[in-house]
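# Working through the structure, step by step
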Amino acid sequence: MSEDCLFCRIVSGALPTDLLAESERSIAFRDISPQAPVHVLVVPRRHEPNIGALAAASSDDLADLFAMVSQVAQAQGVAQNHRLVFNTGAGAGQTIFHAHAHVLGGVDFSDHGLGL
Ligand code: AMP
Ligand code: ZN
């Protein structure tokens, strides 16, 4: 838990959010500024600055996060068409330095973005 981390405050319940799923290790809630019709953040309860640090710290937390991504994609109706984004570093667009997955769906990504 980091006092000045927004996602730690959401995890602890100090800040309200549009919660979609929770487990012992992870939570999922809607992004406050959605970039697609479905835009959900899946966040480990453990504070680590990015996904690589989470992987190094706990494979159990990492596995739980991916299981929740799958659960959220199913529940949101985008299991067959979604994009998973992890930003690492300000240069990649990371603004909150608590690891999180963006689950994006509800739009055709095949002609968007970087050709990825
Ligand atoms: P990133 O740029 O990868 O660090 O992603 C951070 C995301 O958190 C952005 O897409 C923001 O829109 C989102 N965000 C910021 N504050 C909140 C909040 N209070 N509740 C939900 N999402 C938020
Ligand atoms: Zn945090």
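Everything that follows concerns the structure shown earlier in this document.
Before going into details, it helps to say that this report is about the structure given with it.

Another aspect to go through is the coordination of the zinc ion (ligand 2). A metal bound by six donors in octahedral fashion has ideal angles of 90 or 180 degrees, whereas one bound by four tetrahedral donors has an ideal angle of 109.5 degrees. Taken together, the protein donors to the zinc ion (ligand 2) comprise Cys5 (SG), Cys8 (SG), His47 (ND1) and His98 (ND1), at separations of 2.0 to 2.3 Å. With four donor atoms in place around the zinc ion (ligand 2) and angles of 106 to 116° between them, the coordination shape is tetrahedral. We note that the donor set of the zinc ion (ligand 2) lies within a single chain, spaced as C-x2-C-x38-H-x50-H. With a gap of 42 residues between them, Cys5 in the segment before helix H1 (6-12) and His47 in the loop between strand S3 (38-44) and helix H2 (51-57) connect regions that are remote in the sequence. For His47, a relative accessible area of 26% corresponds to the partly exposed category.

Summed over the entire model, instances satisfying the criterion amount to two aromatic pairs. Ring centres of Phe7 and Phe29 lie 5.6 Å apart, and the angle between their planes is 80°; on these two criteria the pair is classed as edge-to-face. With Phe7 in helix H1 and Phe29 in strand S2 (residues 26-30), the pair connects residues that are 22 residues apart, well separated along the chain. Taking the relative accessible area as the measure of exposure, Phe29 reaches 3% and is therefore buried. Measuring from centroid to centroid gives 5.8 Å for Phe66 and Phe86, while their planes differ by 50°, and the two rings are tilted.

One pass over the structure, following the stated rule, counts six salt bridges. A salt bridge links Arg46 to Glu48, with the nearest nitrogen and oxygen atoms 3.9 Å apart. The class for Arg46 is partly exposed, based on a relative accessible area of 36%. The buried category is assigned to Glu48, whose relative accessible area is 16%. Asp61 is the partner of Arg46 in a salt bridge, and the nearest nitrogen-oxygen pair spans 2.7 Å. Taken together, the residues Arg46 in the loop between S3 and H2 and Asp61 in helix H3 (residues 59-75) connect sequence positions 15 residues apart. Residues participating in the shared-partner salt-bridge network are Arg25, Arg46, Glu48, Asp60 and Asp61.

Below, the discussion takes up the site of ligand 1. Taken together, 15 residues surround ligand 1, and among them Asp31, Gly93, Thr95, His100 and His102 come closest. Within the side chain of His100, one N or O atom sits 2.8 Å away from an oxygen atom of ligand 1. Look at ligand 1: alone it shows 500 Å² of surface, and the protein chains cover 83% of it. Breaking the shell around ligand 1 down by element, the ones donating at least two residues are H1 and S2. Looking at the shell around ligand 1 residue by residue, the classes come out as six nonpolar, seven polar and two charged.

Quick notes on the rules
- Residues numbered from 1 in each chain as written.
- Chains lettered and ligands numbered in written order.
- Predicted model: local features only at pLDDT ≥ 70, side-chain atom pairs only at ≥ 80, totals over all residues.
- Heavy atoms only, no water.
- Donors = N, O, S within 2.8 Å, 3.2 Å for Na, K, Ca; no water.
- Tetrahedral: all angles 85-135°; square planar, octahedral: opposite > 155°, others 65-115°.
- Helix = DSSP H or I, 4+ residues; strand = E, 2+ residues; numbered from the N terminus.
- Buried < 20%, exposed > 50% of the residue type's maximum accessible area, 1.4 Å probe, protein only.
- Phe/Tyr/Trp six-rings, centres within 6.5 Å; stacked < 30°, edge-to-face > 60°.
- Salt bridge = Lys/Arg side-chain N within 4 Å of Asp/Glu carboxyl O.
- Near = heavy atom within 4 Å.
- Polar contact = N/O pair within 3.5 Å; in protein donor to acceptor, adjacent residues only side chain to side chain.
- Areas by Shrake-Rupley, 256 points an atom, 1.4 Å probe, with all protein chains shown as cover.
- Nonpolar A, V, L, I, M, F, W, Y, C, P; charged D, E, K, R; others polar.

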